[in-house]
Amino acid sequence: MSENSKVYWDEIYWEDKINNNRTDFIKDNWMDKYIDEIHNVKRKKAIDLGCGIGQDTKWLLDNGFDVISCDISDIALQKLKEFIPNSKTMQMDVKEKLPFRDNSVGLVNANLSIHYFDMENTIKIFNEIYRILQLDGIFIGRMNSDKNEGYIKDTTKEIEKNFYYDYGRYFRLFNKEQFDILTKQWHVIALNENVTIRSNRKKALWEFMLKK
Ligand SMILES: C[S@@+](CC[C@H](N)C(=O)[O-])C[C@H]1O[C@@H](n2cnc3c(N)ncnc32)[C@H](O)[C@@H]1O
């Protein structure tokens, strides 16, 4: 198995619940800078893929979208429901065929949730998102950059190019070449490589907005 299992993610959220029991979201309004494009989306139906506890779901709801929040972890979705009681949640594995009709969605968000897979599955995920989006629909997200320092250690195994395993978890670091392979059929509206702070740690990432 070359993936982080549901049990892996449930444990992460379970420990977070016990140790931090956050009562509010981390304020990270990274989508603000894309607000004009996002407001232009015709169909206000959004999917938050790998939503975690829902900070981006909240942002999308506040900006007029009907949101389905999807995650592999039931514990994350339970926590999301505590923050946003009326939210629509769906437990699912993003590697499977997405349970939405062709051309039926206005916006898909995947914030730091699709850098855990081998290239075959990553391509499959991009294709599935393409399938469910309406024409002119937007796919927005962020994923790890290969400029991240401290991720590759002596113990880290490279399973395939830019896809690694260490300390019980799989992760991918993207470069521009891989991004170009994934986005051949898309219009690239924005692509920025920058640094943010997550869990008190610097994180180099690619931020992207694609249009079908
Ligand atoms: C780093 S967290 C990001 C969460 C959230 N998007 C945010 O920005 O706070 C990665 C999320 O992806 C979810 N995830 C990982 N693998 C998944 C899979 N195969 N299918 C669906 N969700 C998955 C995890 O449960 C986790 O909530």
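Please refer to the structure placed before this passage.
As a starting point, this report considers the structure included with it.

Calculation rules
Residues numbered from 1 in each chain as written. Predicted model: local features only at pLDDT ≥ 70, side-chain atom pairs only at ≥ 80, totals over all residues. Heavy atoms only, no water. Near = heavy atom within 4 Å. Polar contact = N/O pair within 3.5 Å; in protein donor to acceptor, adjacent residues only side chain to side chain. Areas by Shrake-Rupley, 256 points an atom, 1.4 Å probe, with all protein chains shown as cover. Nonpolar A, V, L, I, M, F, W, Y, C, P; charged D, E, K, R; others polar. Pairing = 2+ DSSP bridges. Helix = DSSP H or I, 4+ residues; strand = E, 2+ residues; numbered from the N terminus. Axes fitted to C-alpha atoms, helices over the stretch in contact; angles between N-to-C directions. Salt bridge = Lys/Arg side-chain N within 4 Å of Asp/Glu carboxyl O. Buried < 20%, exposed > 50% of the residue type's maximum accessible area, 1.4 Å probe, protein only. Right-handed = clockwise from strand over helix to strand, strands pointing away. Core = buried A, V, L, I, M, F, W, Y, C linked by side-chain atoms within 4.5 Å. Contact = heavy atoms within 4.5 Å.

### A word on the site of the ligand
Item 1. Taken together, the neighbourhood of the ligand is formed by 17 residues, with Tyr-13, Gly-50, Gln-55, Asp-71 and Asp-93 sitting nearest.
Item 2. A distance of 2.5 Å separates an oxygen atom of the ligand from a polar atom in the side chain of Tyr-13.
Item 3. Note that an oxygen atom of the ligand is positioned 2.5 Å from one of the side-chain N or O atoms of Asp-71.
Item 4. Alone, the ligand offers 600 Å² of accessible surface; in the complex the protein occludes 93% of this.
Item 5. Per-class residue counts for the shell around the ligand are 9 nonpolar, 5 polar and 3 charged.

### A few points about the sheet that holds strand 6 (residues 157-160)
Item 1. Across the sheet, 3 strands lie side by side as 6-7-8; this open sheet has antiparallel pairing. Edge strands, defined here as strands with exactly one partner in the open sheet, are strand 6 and strand 8 (169-172). Each strand of the sheet is rotated relative to its neighbour by a mean of 30 degrees, with strand direction disregarded.
Item 2. With 3 bridges connecting them, strand 6 and strand 7 (residues 163-166) associate as antiparallel partners. Within the sheet, the bridge partner assigned to Lys-157 lies in strand 7 and is Tyr-165.

### A word on the pattern of salt bridges
Here the idea is simple: oppositely charged side chains can pair when their charged atoms come close.
Item 1. Inspection of every chain in the model, using the stated rule, returns 16 salt bridges.
Item 2. In this structure, Asp-136 and Lys-42 form a salt bridge, with 3.2 Å as the shortest nitrogen-oxygen distance. In this pair, Asp-136 sits in strand 5 (residues 133-144) while Lys-42 sits in the loop between helix 2 (35-39) and strand 1 (45-49), placing the two residues 94 residues apart along the sequence.
Item 3. Between Glu-128 and Arg-131 there is a salt bridge, and its shortest N-O distance comes to 2.8 Å. Here Glu-128 pairs with Arg-131, and both are found in helix 5 (residues 119-132), just 3 residues apart, close to one helical turn.
Item 4. Residues joined by salt bridges that share partners form a network here, namely Glu-3, Asp-93 and Lys-95.

### A look at the pairing of strand 5
Each regular strand displays side chains that alternate between the two surfaces of the sheet.
Item 1. Among the 12 residues of strand 5, 10 are classified as buried, and the element is accordingly described as predominantly covered.
Item 2. The parallel pair strand 4 (residues 105-111) and strand 5 is bridged by helix 5, and the resulting crossover is right-handed.
Item 3. With 7 bridges connecting them, strand 5 and strand 10 (residues 201-211) associate as antiparallel partners. Bridging across to strand 10, Gly-141 finds its partner in Phe-208.

### Here we look at the nonpolar core
Item 1. Counting 41 residues, the largest nonpolar core has Ile-47, Leu-49, Val-108, Ile-114, Ile-129 and Phe-139 as its most contacted members.
Item 2. Top element by residues in this core is helix 5. It accounts for 5 residues.
Item 3. Sequence-distant contacts of Ile-114, that is, excluding residues within four places in its chain, are made with Thr-122, Ile-125, Phe-126, Phe-139, Met-143, Phe-174 and Phe-208.
Item 4. Listed in part, the 15 residues of the second largest apolar core include Tyr-34, Val-41, Phe-65 and Met-209.

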